[in-house]
Amino acid sequence: MIFYQQPIAELFKEFKSQKEGLTDSEAEKRIQEFGPNALQEKKKKPVWVLFLAQFEDFMILILAAAAVISGIVGDLTDTIIILVIIVLNAILGFVQEYRAEKAMESLKKLTETQTKVFRDGQPVTVQSKALVPGDVIVLEAGNMVPADIRLIETFSLKIDESSLTGESVAIDKISEHIAKESLPPGDQLNMAFKGTLVTNGRAIGLVLATGMKTEIGKIADLLQEDTPVTPLQQRMQRFGKVISYLILGICALLFVAGLARGEEMFQVLLLSVSLAVAAIPEALPALITIALSLGAGRLAKKNALIRKLPAVESLGSVTYICTDKTGTLTQNKMTVVQVDAEQQAGIDSEFSNLQLGMGLCHDVHLNPKGKPEGEATELALVDRILKDFSTGQVEQLVKKFPRVGEVPFDSNRKRMSTIHQFGDQYLVLCKGASESISVILKDKKFADEANLSSEKWAAKGERVLAFAGKLIPTLPLESEWKNLENDLEYFGKVGMIDPPRETVKVSIQECRTAGIKPVMITGDHPATAKAIADEVGIWKPGDLVLTGAELAKLNDEEFANQVEKVSVYARVAPEQKLRIVQALQQKGHYAAMTGDGVNDAPSLKAANIGVAMGIAGTDVSKEAAHLILLDDNFSTIVVAVKEGRRIYDNIRKFIKYIMTCNGAEIWVIGLAPFLGFPNPLLPIHILWINLVTDGLPALALAGEKPEKDLMNRPPRPPKQSLFAEGVGYHIVWVGMLMAGVTLFTQYWAIRQDWHWQTMVFSVLSFSQLAHVMAVRSDRTFLFRQGLFSNKPLLASVGLTMGLQFGVIYLPWLNDIFRTQPLDLIELVFCGGMALIVFHAVEMEKLVRGYLK
């Protein structure tokens, strides 16, 4: 059965219902049959599965294997420490994902609604999820439509269906059946759909579909698809494979070389395991998780909720931001910006004729809290009147001209009229589009002038409303009220826009400086879209404006040739957003896409970063997104991109920091036997350096302030290696330098009969601390940054040095780590070797700056 084509009587018969609604007992039976009126969520993973999923990372598996081998051939202490690190990393990742899910649940509770429904012939209020097919419900202005319903009676009803169809203008609804075939939801004017918003009027309707059977429900299965892998995940997978092959190769080489020299197999295996532990950056997975968690926490304070942790870093790769206009770039509040009142004799001594129309010809009403409610354009008229007059004056105006009748707006006339008593006369006021007012004016000269000037305003993106009216001596019968709309006096017109948010222009310029192209996608008229885009800096001369109709005519190849030239898409349906995303991705771009409607879910899911609206967004769009804007503000996306770049920079810094030391350990352990030196480090020494000396300062690096040129660089390519831009070279040459000073220390300490193994252990530790102070920036010298500009890092370096001194000088730690106290000369020698590393890395910045 096609519901919009059926008379109401047929539908009551089909659903075994009546205008008085269902009985309570019948409603209870149907809730058992049809289930609750709610969308089925994607099946949630049990908490234990969510926790175990944290162990799937390839690096974690390598580390676990090393722990097992270490326990078999070495000391159980090493195994326990490694396993503790693995579990801590898993807990961190689990807690962040669990918190994100809980945040989503909180957002959902905010959107839970109640509905007025007839049960046993009486109006009662129930939770919307308790509705069943056959229920008869009441809709009023401000209500969210709770199910798919067929309208039985309508009274000036307008519904905002943008969440479902993308149409930004509220739709006038009717109750009569429609004979046309194959109408899309947006053209089914006698239907109201779940998740849409009543902006004006009231209605009674019959519930036809609930839950997954609604139009919204048909799209909900899109959320079952897998989320694409983020750039960081791709890089870490490649990184893990490189490290694993490197470990296996070097260990095999060392093992074969040891056996060839005639050493005991047990000792060679222990040395190989030491090398494997040295090569694996035990702290790295946990540090990346912590860095992303800290970034997600900072973003949450700035109104950006991250749903999946790796998405924090992915923001830094964005090359295109495709954004909605209404509410994201603009304030989502229509505002009168031009008033053109016709000079004529005033009907009222205090208000001009145009002000009478603006103050009286509307359906705005006050809610129980005293706040005006109604359709956006009418609210803009009331706001403007309240700028010129006090609330008391406007209330007196309404009392002076009480409304006694109205001819509601309809889509054919494109105007509305109200009738007000004025002494012993009646005032007819009419408002509507200029072309609809011009045809009912007494003086056609005004009609031509009004149309011409209105076209100029509309070309600037303004929505134009014209006003007219007349005084009549008597009130005719209601059936003749429509005939009053003729021979009217022209009162004037107003122009209104949804103005841009104050911060948007600056954010757009930041995007352009950062090499990111912002693109506007809207369901609005092309002239309106281009005007706003021009004002905020999205549209530039030479850019294309493409409408949805024009896009539909282009094949994929033709669109691909144009997609990088388009900065404004107007009259675009939500399903066309998916095509835009895919075209950009095929061109190698990394696209962020905003959306708030149900039909936006496919494009949000397909985008590299899907951005949902926390205020205006539907549950479906929030579920499909990677990022939720709690303030629905475009500028928050730019803040998130900036944070994503900062996080990636800092991750690269501590990868460079950690891997340099790991590289040094590999060189030291691998070269020492070939140089005829005894094994320089014990496994527990390596674990100490990797977890404590590496871990604490690297954690502080995660909070390093952004580089000054952060938003002056182009976006990094998503496939760019973690070792690009000199990171790999740095790891190799500084690792070799560290290994050189460490092996020299071993050679010299053995010759001087010093405590050589403790000194080797200390030089590697101190070199790392010197190194971390130098790698805080790729470009800026430490003395320019300021020693105290990252106080947590300075504190962590101080704490780590204190712990290292404890390992050297406390007797009970000497027993665990097999170290010996160093005298002053030995300690100063170790410090001097470490400073060589610091100054060498600072000199690297000088050389890089010179080469650039």
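Colleague: So what's going on with the packing of aromatic side chains? Which residues, and what values?
Modeller: With the rule as written, the count across this model stands at 13 aromatic pairs. An angle of 25° between the planes, with centres 6.4 Å apart, marks the rings of Phe 744 and Phe 829 as stacked. With Phe 744 in helix α27 (residues 727-751) and Phe 829 in helix α32 (residues 824-851), this pair connects stretches of sequence that are 85 residues apart. Of the residues examined, Phe 744 reaches a relative accessible area of 38% and is grouped as partly exposed. On the basis of an interplanar angle of 15° and a centroid distance of 6.4 Å, the ring pair of Phe 761 and Phe 817 is categorised as stacked.

Colleague: Please set out the sheet that holds strand β9 (residues 320-324) residue by residue, giving values where relevant.
Modeller: What the eight strands build is an open sheet, ordered β8-β23-β22-β21-β9-β18-β20-β19; its pairing is mixed. In this open sheet, the two edge strands, each paired with only one partner strand, are β8 (304-306) and β19 (544-547). Averaged over all adjacent pairs, the angle separating strand axes in this sheet is 20°, with direction ignored. In terms of strand pairing, β19 meets strand β20 (residues 566-570) through four bridges, oriented parallel.

Colleague: So what's going on with unusual backbone geometry? Which residues, and what values?
Modeller: With a phi close to 55°, Asp 120 is a non-glycine residue in the positive phi region. Of note in the backbone geometry, Glu 725 takes a positive phi value of approximately 55° without being a glycine. As for its placement among the helices and strands, Glu 725 is situated in the loop between α26 (695-701) and α27. Residue classification places Glu 725 among the exposed residues on the basis of a relative accessible area of 51%.

Colleague: Which residues make up the nonpolar core, and what values do they have?
Modeller: Ranked by size, the top nonpolar core spans 105 residues in total, and within it Ile 321, Phe 634 and Phe 654 carry the most contacts. Among the elements that take part in this core, helix α24 (residues 634-671) stands out by supplying 16 residues, more than any other. Contacts of Phe 634, omitting those with residues within four sequence positions, involve Ile 321, Thr 323, Thr 328, Leu 329, Val 504, Ser 507, Ile 508, Cys 511 and Pro 518. In terms of nonpolar packing, the next biggest core, distinct from the first, is built from 23 residues, Cys 361, Ala 380, Leu 381 and Val 494 among them.

Colleague: Kindly report on the packing of α24 against α27, identifying the contributing residues and their values.
Modeller: Two numbers describe how α24 lies on α27: the axes approach to 7 Å, and their chain directions differ by 45°. As summarised for this structure, α24 and α27 are arranged oblique, according to the angle between their axes. Along this stretch, α24 crosses α27, giving a crossing that reads as right-handed. Only Val 727, His 730, Ile 731, Val 732, Val 734, Gly 735, Met 736, Met 738, Ala 739, Thr 742 and Leu 743 of α27 make contact with α24, whose side of the interface consists of Arg 652, Ile 655, Lys 656, Met 659, Thr 660, Cys 661, Ala 664, Trp 667, Val 668 and Leu 671. Here the residues of the contact of α24 with α27 are counted per class, giving 15 nonpolar, four polar and two charged.

Colleague: Which residues make up the side chain of Asn 790, and what values do they have?
Modeller: Mapped onto the secondary structure, Asn 790 falls in the loop between α29 (782-785) and α30 (791-809). Engagement of the side chain of Asn 790 in a polar contact is seen with the backbone oxygen of Ala 700, the distance being 3.4 Å. Beyond its immediate stretch of four places on either side in the chain, Asn 790 contacts Ala 700, Gly 703, Glu 704 and Arg 776.

Colleague: How would you explain the environment of Ser 635 if you had to name every residue and give the values?
Modeller: Position of Ser 635 among the secondary structure elements: in helix α24. Residue Ser 635 is classed as buried on the basis of its relative accessible area of 10%. Separated by 132 residues in sequence, Ser 635 and Thr 503 place their C-alpha atoms 6.5 Å apart. Among all residues touching Ser 635, those that are not within four sequence positions of it are Thr 503, Val 504 and Ser 507.

Colleague: Residues and numbers for α24, please.
Modeller: The periodicity of an α-helix, 3.6 residues per turn, causes residues three or four positions apart to be oriented the same way. Relative to the 56 Å expected for 38 residues at 1.5 Å per residue, α24 spans 55 Å between its end C-alpha atoms, a close match to the ideal helical length. α24 sits mainly inside the fold: 34 of its 38 residues count as buried. For α24, the capping residue at the N-terminal end is Asn 633, with a side-chain oxygen 3.0 Å from the backbone nitrogen of Ser 635.

Rules used throughout
Residues numbered from 1 in each chain as written. Predicted model: local features only at pLDDT ≥ 70, side-chain atom pairs only at ≥ 80, totals over all residues. Heavy atoms only, no water. Phe/Tyr/Trp six-rings, centres within 6.5 Å; stacked < 30°, edge-to-face > 60°. Helix = DSSP H or I, 4+ residues; strand = E, 2+ residues; numbered from the N terminus. Buried < 20%, exposed > 50% of the residue type's maximum accessible area, 1.4 Å probe, protein only. Pairing = 2+ DSSP bridges. Axes fitted to C-alpha atoms, helices over the stretch in contact; angles between N-to-C directions. Core = buried A, V, L, I, M, F, W, Y, C linked by side-chain atoms within 4.5 Å. Contact = heavy atoms within 4.5 Å. Parallel < 35°, antiparallel > 145°, perpendicular 65-115°, else oblique. Left-handed = near helix turned anticlockwise from the far one by under 90°. Nonpolar A, V, L, I, M, F, W, Y, C, P; charged D, E, K, R; others polar. Polar contact = N/O pair within 3.5 Å; in protein donor to acceptor, adjacent residues only side chain to side chain. Expected span 1.5 Å × (residues − 1).

These figures come from the coordinates and say nothing about function on their own.
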